[in-house]
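# Report on the structure
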Amino acid sequence: MHIACYDLLPNAALKYTFFVAKIPVKVIEIMYQKFRKLWKGFWEPVLHMSLIQWLVAGLIAMCIWFIYLTSRVQITGYDVFKKYRRKPAVFVFWHGRSMMLSPIICVGGMRAYAVASRHSDGRMMAKLQRLFGLKPIYGSTSDGGISVLRQGVRVLRDGNYSMCISPDGPGGPSMRVQDGALYFAKMTGAPIIPVCYSCSRAWFQQRWDRYLIAKPFSKITCRVAEPMFIDRKCSDAEFEKVRKNLEDLMVRQVREMDGEFNLFQVEQDLTAHKFKQDMRAARDARRAAKKSKKGK
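Residues numbered from 1 in each chain as written. Predicted model: local features only at pLDDT ≥ 70, side-chain atom pairs only at ≥ 80, totals over all residues. Heavy atoms only, no water.

### What to know about the pattern of salt bridges
For side chains of opposite charge, pairing can occur when their charged atoms come near one another. Applying the stated criterion to the full structure yields 12 salt bridges. Residues Glu256 and Arg223 are paired through a salt bridge, measuring 2.7 Å at the closest nitrogen-oxygen approach. Of this pair, Glu256 sits in helix H10 (residues 236–260) while Arg223 sits in strand E9 (residues 219–224), and the two are 33 residues apart along the sequence. Look at Glu256 and you get partly exposed, because its relative accessible area is 42%. A salt bridge links Asp284 to Arg287, with the nearest nitrogen and oxygen atoms 4.0 Å apart. One end of the pair, Asp284, and the other, Arg287, are both in helix H11 (residues 272–295), 3 residues apart, so they sit about a helical turn from each other. Among the residues examined, Arg287 registers a relative accessible area of 22% and is labelled partly exposed. Via salt bridges that share partners, Arg176, Glu240, Arg243, Glu247 and Asp269 belong to a single interconnected network. (Salt bridge = Lys/Arg side-chain N within 4 Å of Asp/Glu carboxyl O. Helix = DSSP H or I, 4+ residues; strand = E, 2+ residues; numbered from the N terminus. Buried < 20%, exposed > 50% of the residue type's maximum accessible area, 1.4 Å probe, protein only.)

If you want it as structure tokens, here you go:
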């Protein structure tokens, strides 16, 4: 068996390294990059298919429901949620704290629209949101922002639906409130309602938003804050003051709720682009250290 595989290898150096079962790090890295490129080339077209997106969204929804049903859920401020769940209101939450809000919204009978990216990942997430009763508005603050604002204002003025939006999405800076959510409130008179969740058994993904995934059999806490209003005729200074107060409140929510479970303290000001650069730099540094150690 060893001889058959050995004969298939392209050159003497690789044959030797395979034969002694010690493949050089550089070869492994090249092989990994080629495999990753092929894998990405295979999956990207597949994930653009609507049927596949629905299947993936359905599997994720099943996992979320399993976690929700096996956990103990405690909601603070549910009276505020109940009051505005079917009225024009702007519910805001950090980009990394959306997962377990979906079943809470569904069980609570909320009627709302959520902003979703136009990219394939965003469209799949929009399908996931649909399974929890949320309707999508496609776009973001950086991509189609005017269209999103126009659609969101129309939804809120109709008076039958709320809006759900992450004010630090889609690419950060993390835990920094951008102006979009406030414009919805300013132009319609709808209140802004900050929401956050945390859990006792948590897994933070290695992403710019430190996306929080609750594990089964957790204690899940959700906090709905009191509504905030913005005067339509407010000055730029007053607008900025409201924005800062909202940001401080939402950061305080995260710190207090995560502190209850002694969780990792999520950083502010991370961006998707910067985080990827830092991850690449750290990976290159580890590779360089391994090569240096091997050289010695």
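What follows continues from the structure just given.
### Observations regarding the packing of helix H9 (residues 180–188) against H10
Packing of H9 against H10 brings their axes to within 11 Å, and their N-to-C directions diverge by 125°. Taken together, the axes of H9 and H10 lie oblique to each other. For the element pair H9 and H10, the recorded crossing hand is right-handed. The residues of H10 that touch H9, namely those facing Leu182, Tyr183 and Lys186, are Phe239, Val242, Arg243 and Leu246. (Axes fitted to C-alpha atoms, helices over the stretch in contact; angles between N-to-C directions. Parallel < 35°, antiparallel > 145°, perpendicular 65-115°, else oblique. Left-handed = near helix turned anticlockwise from the far one by under 90°. Contact = heavy atoms within 4.5 Å.)

### A short note on the sheet that holds strand E2 (residues 90–92)
Read across the sheet, 7 strands follow the order E1-E9-E6-E2-E5-E3-E4 without closing on themselves; strand pairing throughout is mixed. A strand with exactly one partner marks an edge of an open sheet, and here the two such strands are strand E1 (72–76) and strand E4 (134–138). Here the average twist between neighbouring strands, direction ignored, is 25°. Across 5 bridges, the pairing between E1 and E9 is parallel. From the neighbouring strand, Arg72 faces E9, where its bridge partner is Lys219. Along the sheet, helix H7 (residues 120–131) makes contact with strand E3 (112–116) and E4, crossing E4 at roughly 155°. Strand contacts of helix H8 (residues 145–158): E2, E3, E4 and strand E5 (162–165), with the helix running at about 145° to E4, the strand carrying the most contacts. (Pairing = 2+ DSSP bridges.)

### Regarding the packing of helix H4 (residues 50–69) against H7
At a minimum axis distance of 9 Å, the contact between H4 and H7 shows a crossing angle of 55°. Considering the angle they form, H4 stands oblique to H7. Handedness of the H4/H7 crossing: right-handed. Of the residues in H7, those touching H4 at Ser50, Gln53, Trp54, Val56, Ala57, Gly58, Ile60, Ala61 and Ile64 are Ser120, Arg123, Met124, Lys127, Leu128, Arg130 and Leu131.

### Observations regarding the packing of aromatic side chains
The final tally for this structure, using the stated rule, is 8 aromatic pairs. When the ring of Tyr78 is compared with that of Phe81, the centres are 5.5 Å apart and the planes differ by 40°; the resulting orientation is tilted. Remark: Phe81 and Tyr78 occur in helix H5 (residues 78–84); sequence separation between them is 3 residues, near one turn of the helix. Accessibility expressed as a relative area gives 32% for Tyr78, which makes it partly exposed. Looking at Phe81, the relative accessible area reads 5%, which means it is buried. (Phe/Tyr/Trp six-rings, centres within 6.5 Å; stacked < 30°, edge-to-face > 60°.)

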